Amino acid sequence: MKSTVYNLLSALAPLHYDNLTYCHKQSLKILNRFSGQHKRFHSLMGKDPVHLEKRMVDGQYLPPWFSVAPMMDWTDNHYRTLARLISKHAWLYTEMVVAETIVHQRNNLDRFLAFSPEQHPIVLQLGGSNLENLAKAAEFANAYSFDELNLNCGCPSGKVAGHGCFGARLMFDPKFVADAMSAIAANCSVPVSVKCRIGVDDHDSYNELCDFVYAIVSNSPTRHFIVHARKALLSGLSPAENRKVPPLKYEYYFALLRDFPEVQFTINGGITGIDQVNAARRQGAHGVMVGRAAYNNPWSTLRHVDSAVYGIPTSSLSRRQILEKYQMYGDSVLGKYGPGKPSIRQLVKPLLNLFHSEPGNGLWKRKADAALRRCKYISQ
Ligand SMILES: Cc1cc2nc3c(=O)[nH]c(=O)nc-3n(C[C@H](O)[C@H](O)[C@H](O)COP(=O)(O)O)c2cc1C
């Protein structure tokens, strides 16, 4: 019988890697012009975790070897608070915040951008297709000290990529993305990154993906891409189907590592456990981003990140202690932005998955749900 690790490794192996080639004559020269970007990231990449202790003492974050994906309505402040209680070092991405929201709500920004200092390292994901608004949004967000600003070029939802003309649709216009990234970078003091798919609709060849990456790295300071390794289909599939139906092509991701050696790439899509995270890193992945598994099963997905990925002792908090700490957090923010903002339901939502697939999980969810109807405080 094949071992689990063998299966995971073969699942991630760049199967058609050798068939994927891309010629980018000028790329290295151009890339070197921007080599100052992501110094912090570069300086730590490739080091054995045991050598990282000193960097932490120096007050630097560990690199995004492991990150939790941006997920609308899921990776809000509440979920991130819970995630941080489980893993100290995972990088946490916010939900996408549309640039226009930030610009129009400039007097109410805490509601969209504030987070507690414990949530570092944290990345704000922006969405939008208006250069001026993206620049202003970056400027306003800069005051909140995020550790990186990211642009969403992967969301296929009709509201975003259709009516909104951003998200995955931006992959059709790499020149615009480069301009947007330059505008964002010019208005913030942290590194910038792009989260994209491997293609959109029938623009799904490896060469087209390379053209996209190349246009951005040669015309903007972007040096980090998060690649959701499946294409997006802009019509006919719901957002949820767009995360399942188009096949994962990890080989595109691994070919990018070869073709753009000066760029950092984080792999995303279909990775569900620490064994797979480490298998991807052994294959050369610079960083691994996990989405649904980190939300649907936060304890088992995040609990071993600090030790197994970063080589640093895992938090000793039990789930009971985590619940106690979360209760204190919940009561401190309940109704902070007006009646029901946030509501008990919003605050309790991330807890519902804490005992995923364990005996008593159904009972826990039913009791939590029943309690929601009568409680005025989380601690009740
Ligand atoms: C509920 C939900 C909301 C999402 N919202 C966003 C988003 O706001 N921005 C984004 O770039 N990706 C978003 N995604 C996609 C994830 O970031 C990730 O790319 C995708 O789920 C694949 O990773 P996974 O297989 O580890 O879940 C969302 C995914 C889910 C499940």
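In this text the structure is predicted, and so the values were computed from the model without any measurement.

> Before we go on, may I ask you to explain helix H12 (residues 250-259) in this structure?
In terms of burial, H12 is a largely internal element, seven of the ten residues being buried. Those residues of H12 lying buried are Tyr250, Glu251, Tyr252, Tyr253, Phe254, Ala255 and Leu256.

> What exactly am I supposed to notice about the UniProt feature "active site" (unreviewed entry) in the chain here?
Within this structure's numbering, the places UniProt gives as "active site" (unreviewed entry) are Cys155. Tracing the backbone through its elements, the reader meets Cys155 in the loop between strand S4 (148-153) and helix H9 (158-163).

> Hey, could you run me through the confidence of the model for the chain in this one?
Close inspection of predicted coordinates is inappropriate for parts of the model with low pLDDT. Mean pLDDT for the chain: 86, with 84% of residues reaching 70 or above. Predicted confidence for residues 1-9 stays below pLDDT 50, and this span has eight contacts to residues more than four positions away or in other chains. Counted against residues more than four places away or in other chains, residues 25-57, with its pLDDT under 50, gives 38 contacts.

> What am I meant to see in the pairing of strand S7 (residues 264-268) here?
Looking along a regular strand, one sees side chains alternate from face to face of the sheet. A large share of S7 lies buried, amounting to five of its five residues. Side chains of S7 alternate between two faces, with Gln264, Thr266 and Asn268 and Phe265 and Ile267 buried alike. Here strand S6 (residues 224-228) runs beside S7; their pairing, made up of five bridges, is parallel. Bridging across to S7, His228 finds its partner in Asn268. Pairing geometry for S7 and strand S8 (residues 287-290), over three bridges, is parallel. From the neighbouring strand, Thr266 faces S8, where its bridge partner is Gly287.

Definitions and limits used
Residues numbered from 1 in each chain as written. Predicted model: local features only at pLDDT ≥ 70, side-chain atom pairs only at ≥ 80, totals over all residues. Buried ≥ 20, exposed ≤ 12 C-beta atoms within 10 Å, placed from the backbone. Helix = DSSP H or I, 4+ residues; strand = E, 2+ residues; numbered from the N terminus. UniProt positions renumbered as here; feature names shortened; annotations may be inferred. pLDDT = per-residue confidence, 0-100. Contact = placed C-beta atoms within 7 Å. Pairing = 2+ DSSP bridges.

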